[in-house]
Structure formats: structure tokens, C-alpha cells
Amino acid sequence: EDQVTQSPEALRLQEGESSSLNCSYTVSGLRGLFWYRQDPGKGPEFLFTLYSAGEEKEKERLKATLTKKESFLHITAPKPEDSATYLCAVEGYGGATNKLIFGTGTLLAVQP
Amino acid sequence: DTAVSQTPKYLVTQMGNDKSIKCEQNLGHDTMYWYKQDSKKFLKIMFSYNNKELIINETVPNRFSPKSPDKAHLNLHINSLELGDSAVYFCASSQDFGLAGGGRMQFFGPGTRLTVL
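Residues numbered from 1 in each chain as written. Chains lettered and ligands numbered in written order. Predicted model: local features only at pLDDT ≥ 70, side-chain atom pairs only at ≥ 80, totals over all residues. Heavy atoms only, no water.

## Notes on the overall build of chain B
Test applied: Helix numbering and strand numbering both begin at the N terminus, where a helix is a DSSP run of H or I of at least 4 residues and a strand a DSSP run of E of at least 2. A radius of gyration in this sense is built from C-alpha atoms; the matching globule rule multiplies 2.2 Å by the number of residues raised to 0.38. Remark: exposure states derive from per-residue accessible area (1.4 Å probe, protein chains only) relative to the maximum for the residue type, with buried under 20%, exposed over 50%, and partly exposed in between. Two residues qualify as a contact provided that any one of their heavy atoms is within 4.5 Å of a heavy atom in the partner residue. Here the Shrake-Rupley method, with its probe set to 1.4 Å, supplies the accessible areas, and only the displayed protein chains count as covering residues. When charges are counted, neither His nor the chain ends are considered; positive counts come from Lys and Arg and negative counts from Asp and Glu. We put the charge of a Lys on NZ, of an Arg on CZ, of an Asp on CG and of a Glu on CD.
Of the regular secondary structure elements, chain B holds zero helices and eleven strands. The globule rule puts the C-alpha radius of gyration for 117 residues at 13 Å, and the 14 Å found for chain B is close to it. In terms of overall dimensions, chain B has a C-alpha envelope of 40 × 30 × 30 Å along the principal axes. Going through the 117 residues of chain B one by one, you find that 44% of them count as buried. In chain B, 56% of the contacts between residues at least 6 apart in sequence involve partners at least 24 apart. Working note: accessible area of chain B is about 5800 Å², and carbon and sulfur atoms make up 52% of it. Measuring between centres, the 13 positive side-chain charges of chain B sit 5 Å from its 11 negative side-chain charges.

Here you go:
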């Protein structure tokens with residue numbers, strides 16, 4: 001069964017203090033790995049899709065990387081506005097098309 | 001313009017009642033979804049529709065019945081509400097190029113917080 005585990009559950013950073021969030025996954029053939037950001041009281045907002053090991057994508061202070069077993073979301077010099085819950089999800093070839101399996105997220109707090 | 005919209009934003013009701021949540025997307029997507037997010041923020045897919053056809057139907061009580069009148073709308077009707085149905089329900093949509101595709105980003109609505117008393 002496809003599974004996603006995110007760590008840490010919560011992370012508190014000082015503004016400018018770079019760090020990484022981890023997403024470990026098991027899937028029967030990876031169709032795609034997705035990162036979303038969720039602010040309190042709002043729906044998840046799409047950040048990145050990664051399709052194969054070695055792939056990297058960047059957007060402003062965020063960089064997502066992918067290996068065969070895990071993905072990292074690197075946050076460089078974070079700002080308070082980066083505070084949110086970051087969700088990782090996978091879609092596997094063993095499941096129905098477009099069926100995303102989500103992790104429980106990492107709650108990131110960036111203090112000024 | 002809101003891409004994926006849901007109504008109502010909040011829904012408070014008594015056990016045993018029947019309620020509906022409506023979802024509309026103006027992105028021209030052909031696949032729509034319903035997700036449930038529990039109190040621990042775990043997001044789990046319930047249903048998906050592609051061009052009004054039910055594709056994903058997870059292990060959800062049959063008190064939950066999705067209905068898609070057209071590919072821009074996907075409503076969720078819940079009969080005989082129970083305390084455990086309290087959660088945030090999200091609608092989402094994606095553009096697919098045939099069912100063999102996949103790997104498509106999904107756009108989420110703002111959510112409907114359902115509280116069953």
C-alpha cells in the first residue's frame with residue numbers, strides 16, 4: 001500500500017535560518033510526488049510536482065528534490081510569510097489515476 | 001476570480017440531518033475530487049469524477065453521495081449525519097489528458113468546515 005511519512009511534525013525557525021523538510025514514501029511505481037502549502041483555514045496550494053529521482057524544482061526560497069525513497073523541501077533564508085503547513089503527496093501507478101496519498105504535513109513557524 | 005469555490009464555508013448541523021456541499025470550478029478542468037481533512041490535518045481522498053463519471057470511490061460510508069451535474073460542478077450530499085463526519089471537506093480539480101495520464105497538479109477549494117452536534 002502506498003504510504004507517505006513526513007518529518008518533522010513541526011519546525012520552528014528563526015528568520016533567515018535555512019532548513020529542510022523530509023517526505024519519505026513507499027509506492028508501487030511513482031507517477032508523481034507533489035508538495036503543497038496550506039495556510040490556516042485555507043485549501044492546499046500547489047507548489048511542485050516531481051516525477052523521477054534526481055529531479056529538482058525551485059520557486060523563490062523553496063527547492064524540492066527527489067530520490068527513489070524520499071523528497072526534501074529545502075527552505076533557504078525563510079521569512080515569516082513562509083509559515084504554513086507543508087504537505088507531501090504521492091500518486092502511484094498501482095493505484096487509481098489521480099489518487100493522491102498525503103502525509104500528515106510539517107507545520108513550519110518562522111519567527112522574525 | 002475564484003478558481004475552485006465551495007459553499008457553504010461553514011456548516012453546523014445536528015446528528016441525523018441531511019446536508020449538501022456544493023463545488024464549482026471555472027478552470028475548464030475535467031476531473032473533480034472530494035477530500036476529507038480530519039482534526040489532525042490528515043487529508044484523504046473520498047471521490048473523483050472525470051467528465052461526470054465516477055472514477056475513485058474510496059471506502060466511504062454510502063451515506064455520502066457525490067453528484068456531478070456537469071464537469072464544472074461536483075456536489076456532496078451526506079445523509080444521516082454522524083458526529084464522526086465532523087471535518088473539513090475540500091473540493092479539488094485537475095486537467096487530465098485521458099485517464100492514462102495522471103501526475104497532474106490538483107487545485108483545491110477553500111474548504112467547508114462541517115460540525116455535527
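## Topic: the state of the cysteines
Put simply, the rule is: What counts as a disulfide here is a pair of cysteine sulfur atoms lying within 2.5 Å.
Evaluation of the coordinates by the stated rule reveals two disulfides over all chains. A:Cys23 shares a disulfide with A:Cys88; S-S distance 1.9 Å. Measuring handedness by torsion sign, the sulfur bridge of A:Cys23 and A:Cys88 sits at about -65° and is left-handed. Of the two residues, A:Cys23 is situated in strand E3 (residues 19-26) and A:Cys88 in strand E9 (residues 84-92); the sequence distance between them amounts to 65 residues. By relative accessible area, A:Cys23 is classed as buried at 0%. On the basis of relative accessibility, which here comes to 0%, the residue A:Cys88 falls in the buried class. Residue pairing for B:Cys23: its cysteine sulfur links by disulfide to B:Cys91, the two sulfurs lying 1.9 Å apart. Disulfide B:Cys23 to B:Cys91: torsion about the S-S bond roughly -75°, handedness left-handed.

## Focus: the pattern of salt bridges
Spelled out, the test is: The salt bridge criterion pairs a side-chain nitrogen of Lys or Arg with a carboxyl oxygen of Asp or Glu, the two atoms within 4 Å.
Taken as a whole and judged by the stated rule, the model has nine salt bridges over all chains. The closest approach of N and O atoms between A:Lys63 and A:Glu56, which form a salt bridge, is 3.3 Å. You can call A:Glu56 partly exposed: its relative accessible area is 48%. Linked by salt bridges that have partners in common, A:Lys99, B:Lys44 and B:Glu58 make up one network.

## Considering the sheet that holds strand E3 (residues 19-25) of chain B
All names here are of chain B. Operational definition: For two strands to be treated as a pair, DSSP must find at least two bridges joining them. Axis definition: a line fitted to C-alpha atoms, over the contacting stretch in the case of helices. Angles run 0 to 180 degrees between N-to-C directions.
One open sheet accounts for four strands, arranged E1-E3-E8-E7; its pairing is antiparallel. The open sheet terminates on both sides in strands that have one partner only, identified here as strand E1 (4-7) and strand E7 (64-70). When the angles between neighbouring strand axes are averaged without regard to direction, this sheet yields 20°. As defined by bridge partners, E3 adjoins strand E8 (residues 73-78) across four bridges and the pair is classed as antiparallel.

## Things to note about the interface of chain B and chain A
Our working definition: By buried area we mean the combined loss of accessible area, with a 1.4 Å probe, across both parts when two parts are placed together.
Across the contact, 24 residues belong to chain B and 21 residues belong to chain A. Between chain B and chain A lies a buried interface of about 1800 Å² when both sides are counted; carbon and sulfur atoms form 55% of it. Per-residue buried area on chain B facing chain A is highest for B:Leu43, B:Gly103 and B:Phe108; these three make up 25% of the total on that side. Joining chain B to chain A, the criterion identifies one salt bridge.

## Observations regarding the packing of aromatic side chains
Spelled out, the test is: Any two rings among Phe, Tyr and Trp, with Trp reduced to its six-membered ring, count as a pair given centres within 6.5 Å; such a pair is stacked if its planes are under 30 degrees apart, edge-to-face if over 60, and tilted if neither.
Under the counting rule described, the total for this entry stands at nine aromatic pairs over all chains. Both rings, one in B:Tyr35 and one in B:Phe108, keep their centres 5.1 Å apart while their planes meet at 45°; by these two values the pair is tilted. In this pair, B:Tyr35 is assigned in strand E4 (residues 31-37) and B:Phe108 in strand E10 (residues 107-108), connecting sequence segments 73 residues apart. The buried category is assigned to B:Tyr35, whose relative accessible area is 0%. Here the aromatic residues A:Tyr36, A:Phe46, A:Phe102, B:Tyr33, B:Tyr35, B:Phe90 and B:Phe108 are joined through ring pairs into a cluster of three or more.

## What to know about a nonpolar patch on the surface
Condition: Here, patches come from residues exposed beyond 30% relative accessible area and free of salt bridges, joined within 9 Å for like charges and within 5 Å for nonpolar side chains (Val, Leu, Ile, Met, Phe, Trp, Tyr).
Taken together, the side chains of B:Leu27, B:Met105 and B:Phe107 make up a nonpolar region of the molecular surface, amounting to roughly 230 Å² of accessible area. Checked against the element boundaries, B:Met105 lands in the loop between strand E9 (87-94) and E10.

## Quick look at the pairing of strand E7 (residues 62-66) of chain A
Looking along a regular strand, one sees side chains alternate from face to face of the sheet. Residues and elements named next belong to chain A. Within E7, four of the five residues are buried, leaving the element largely enclosed by the surrounding structure. Here four bridges tie strand E6 (residues 56-59) to E7, and the two strands are oriented antiparallel to one another. In the sheet register, Lys 57 faces E7, and the bridge partner there is Ala 64. In textbook terms, the turn of a hairpin is the stretch between consecutive antiparallel strands, and for E6 and E7 this stretch comprises two residues, one of which, Glu 60, has a positive phi near 55°. As paired elements, E7 and strand E8 (residues 70-75) share five bridges and run antiparallel to each other. Bridge pairing links Lys 63 to His 74 in E8. A loop of three residues connects E7 with E8, the two strands running antiparallel in sequence.

Keep in mind that these numbers describe shape and distance, not what the molecule does.
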